[in-house]
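This is what each chain is made of:
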Amino acid sequence: MVEFFATWCEPCHRALADLGAVRSHLAAPTRLIVVAVGEDATTVRRFLAANPLPAGAELALDRTGATARRWGQDRFPTTFLLDGPGVIRHINRGWGPGYQARILGWLRELVAREPRREH
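Residues numbered from 1 in each chain as written. Predicted model: local features only at pLDDT ≥ 70, side-chain atom pairs only at ≥ 80, totals over all residues. Heavy atoms only, no water.

**What to know about the pattern of salt bridges**
Here is step 1: One pass over the structure, following the stated rule, counts five salt bridges.
Here is step 2: Across the salt bridge formed by Asp74 and Arg93, the nearest N and O atoms sit 3.2 Å from each other. Placement of Asp74 in the loop between helix 3 (66-71) and strand 4 (78-82) and of Arg93 in strand 5 (residues 88-93) is noted, with a sequence separation of 19 residues between them.
Here is step 3: Classification of Arg93 as partly exposed rests on a relative accessible area of 33%.
Here is step 4: Here Arg113 ties to Glu109 by a salt bridge, and the two come within 3.3 Å at their closest N and O atoms. With Arg113 and Glu109 both in helix 4 (residues 99-113), this residue pair falls four residues apart, about one helical turn.
Here is step 5: Residues joined in a network through salt bridges with shared partners are Asp74, Arg75 and Arg93. (Salt bridge = Lys/Arg side-chain N within 4 Å of Asp/Glu carboxyl O. Helix = DSSP H or I, 4+ residues; strand = E, 2+ residues; numbered from the N terminus. Buried < 20%, exposed > 50% of the residue type's maximum accessible area, 1.4 Å probe, protein only.)

This is how it looks when you write it as structure tokens:
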């Protein structure tokens, strides 16, 4: 999962909380990369001190918004779900009722499609 957000975006705060909850409902491990768009490190650090990211999430800074534009992000929050090889399979633009259930359903579908790996 790649989540584009901004610290000033209230729906982004809700989406991050939902993504943490979604990951706790999945049997398979998922990677969450949170991309802070258009903000400097100090602003993001200050925000995260009061609003920690979901456990295990990774943070990336996109100060200029160039990465967000390349991905096609056009509103906050935008959530991209990728399969194992890294192909974008679902995009959710914005946050609202049904967000958590929709993301969880899509992730379960992706996990079910992934080939099982023998150890």
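**Some remarks on the packing of aromatic side chains**
Here is step 1: Going through the model one piece at a time under the given rule, you end up with five aromatic pairs.
Here is step 2: Taking the centre distance of 5.8 Å and the plane angle of 45° together, the rings of Phe5 and Phe47 count as tilted. Here Phe5 is found in strand 1 (residues 2-5), whereas its partner Phe47 is found in helix 2 (residues 41-50), with 42 residues between them in sequence. When sorted by exposure, Phe5 lands in the same class as Phe47, which is buried. (Phe/Tyr/Trp six-rings, centres within 6.5 Å; stacked < 30°, edge-to-face > 60°.)

**Some words on the side chain of Gln73**
Here is step 1: As for its placement among the helices and strands, Gln73 is situated in the loop between helix 3 and strand 4.
Here is step 2: Residue classification places Gln73 among the buried positions, given a relative accessible area of 12%.
Here is step 3: Polar contacts involving the side chain of Gln73 include one to the main-chain carbonyl oxygen of Arg75, which spans 2.8 Å.
Here is step 4: With near-sequence residues (within four places) excluded, Gln73 lies in contact with Phe4, Ala68, Thr78, Phe80 and Arg93. (Polar contact = N/O pair within 3.5 Å; in protein donor to acceptor, adjacent residues only side chain to side chain. Contact = heavy atoms within 4.5 Å.)

**Some remarks on the state of the cysteines**
Here is step 1: Summed over the entire model, instances satisfying the criterion amount to one disulfide.
Here is step 2: Between the sulfur atoms of Cys9 and its disulfide partner Cys12 the distance amounts to 2.4 Å. Negative torsions about the S-S bond denote left-handed disulfides, and the value of about 85° found for Cys9 with Cys12 makes this one right-handed. Cys12 carries the same exposure label as Cys9, and that label is buried. (Disulfide = S-S within 2.5 Å.)

**Quick notes on the nonpolar core**
Here is step 1: Ranked by internal contacts, the top residues of the largest apolar core, which has 24 residues, are Met1, Phe5, Leu81, Ile103 and Leu107.
Here is step 2: Residue assignment for this core shows that the elements contributing at least two residues are helix 1 (10-25), strand 2 (33-37), helix 2 and helix 4.
Here is step 3: Among the elements that line this core, the one with the most residues is helix 4, at six residues.
Here is step 4: Apart from residues lying up to four places away in sequence, Met1 is in contact with Leu19, Arg23, Thr30, Arg31, Leu32, Ile33, Phe80, Leu81, Ile103 and Leu107.
Here is step 5: The next biggest cluster of nonpolar side chains, apart from the first, holds six residues, and it includes Val2, Val35, Ala68 and Phe80. (Core = buried A, V, L, I, M, F, W, Y, C linked by side-chain atoms within 4.5 Å.)

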